[in-house]
Amino acid sequence: MKKEQVKSLFDSKFIKVVDIQYEEGKHYYNATRREMDDLPCIKSDEAFQSMVPDAVSIALILKMEDGPKLYMSYEYRYPAGRYLLSPVAGLVDEEDKESESPLCSAAIREIQEETGITVNDDHVFVVNPLVFSTPGMSDESNGIVCAIVENGKDVVFDQSGAVGSEKFAGYRLLSLEEAKQLLLQGRDAYGNFFPVYGLVVLQYFVSEQWKG
């Protein structure tokens, strides 16, 4: 894709809409957070394969006396109009991109803001560097990160660090069996569906690949 094939249709602080003219007279519309010169569709193969995602979603696992638990919160999702069971997540900031591991840097900050937990960087690692939520209308991407808290029983949770549009209504600490049941049900305890990255984190947790 060449730069001249991509035109800006709408530009705001939080979202942009671009027109990708993939053939003469044929248009594909894309919603993005990115600046025009940072769009995935115009990157070289090398730049595409090394790009930093827009955000991180985190499998936050606490080691407890009665077994490992996955932390997930009820976060208000405005397009759905409901609190949905979701992993800790957030945008990768420009400051994160200056660090040795942008995804781990973003994950450590988001965990602190959304749960009150301070995690050590030696217990945070990248599971997958970038996955797209869809290759369709939006080009938004997430890196999947895992953070392990060794002494989960000593943790005090605090959701008051929410910023911007973030709203929380409690959390759950899921055992492996509870996570498996949620995956089988396809819904949370209130009958609501999961955000896609919630499903990814649940599946990663029950796979036990995080045990190394």
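For the structure itself, look to the data block above.
The structure reproduced in this document is the subject of the present report. Just so it is clear, the structure is predicted and the values come from calculations on it, not from any experiment.

This next bit is on the side chain of aspartate 139. Here aspartate 139 lies in the loop between β8 (124-132) and β9 (141-149). Buried charge aspartate 139 goes without a salt bridge, the closest partner of opposite sign being arginine 34 at 5.1 Å. Among the polar contacts made by the side chain of aspartate 139, one reaches the side chain of threonine 32 at a distance of 3.0 Å. Setting aside residues no more than four positions away along its own chain, aspartate 139 makes contact with Asn30, Ala31, Thr32, Arg33, Leu39, Pro40, Asp54, Phe132 and Thr134.

Take the pairing of β9 next. Counted residue by residue, β9 has nine buried out of nine residues, so it is predominantly covered. Residues Ser141, Gly143, Val145, Ala147 and Val149 of β9 are buried on one face, and the alternating residues Asn142, Ile144, Cys146 and Ile148, pointing to the opposite face, are buried as well. Summarising the sheet, strand β4 (residues 55-64) and β9 pair through eight bridges and their orientation is parallel. Bridge pairing in β9 places leucine 60 opposite alanine 147. Where β8 meets β9, six bridges bridge the pair, whose relative direction is antiparallel. By the bridge assignment for β9, valine 124 is matched with alanine 147.

For the rest of this paragraph, the subject is the layout of surface pockets. If you roll a probe as big as a water molecule over the atoms, it shows you where there is empty space left. Computed from the structure, the largest pocket encloses a volume of approximately 1600 Å³. Around the largest pocket, the lining is made up of 44 residues, and of these Arg33, Ala55, Gly90, Leu91 and Glu140 lie nearest the centre. Secondary-structure elements contributing two or more residues to the lining of the largest pocket are β4, β5 (67-77), β7 (88-91), α2 (94-97), α3 (102-115) and α5 (196-207). Considering every element that reaches the lining of the largest pocket, the biggest residue donor is α3, with four residues. Partitioning the lining of the largest pocket into residue classes produces 18 nonpolar, six polar and 20 charged.

What counts and how
- Residues numbered from 1 in each chain as written.
- Predicted model: local features only at pLDDT ≥ 70, side-chain atom pairs only at ≥ 80, totals over all residues.
- Heavy atoms only, no water.
- Helix = DSSP H or I, 4+ residues; strand = E, 2+ residues; numbered from the N terminus.
- Buried < 20%, exposed > 50% of the residue type's maximum accessible area, 1.4 Å probe, protein only.
- Lys, Arg positive; Asp, Glu negative; His and termini not counted.
- Salt bridge = Lys/Arg side-chain N within 4 Å of Asp/Glu carboxyl O.
- Polar contact = N/O pair within 3.5 Å; in protein donor to acceptor, adjacent residues only side chain to side chain.
- Contact = heavy atoms within 4.5 Å.
- Pairing = 2+ DSSP bridges.
- 1 Å grid on protein atoms, 1.4 Å probe; cavity = no way out; pocket = protein on both sides within 12 Å on 5 of 7 lines; lining within 4 Å.
- Points joined across faces, edges and corners; volume = space filled by probe spheres on them.
- Nonpolar A, V, L, I, M, F, W, Y, C, P; charged D, E, K, R; others polar.

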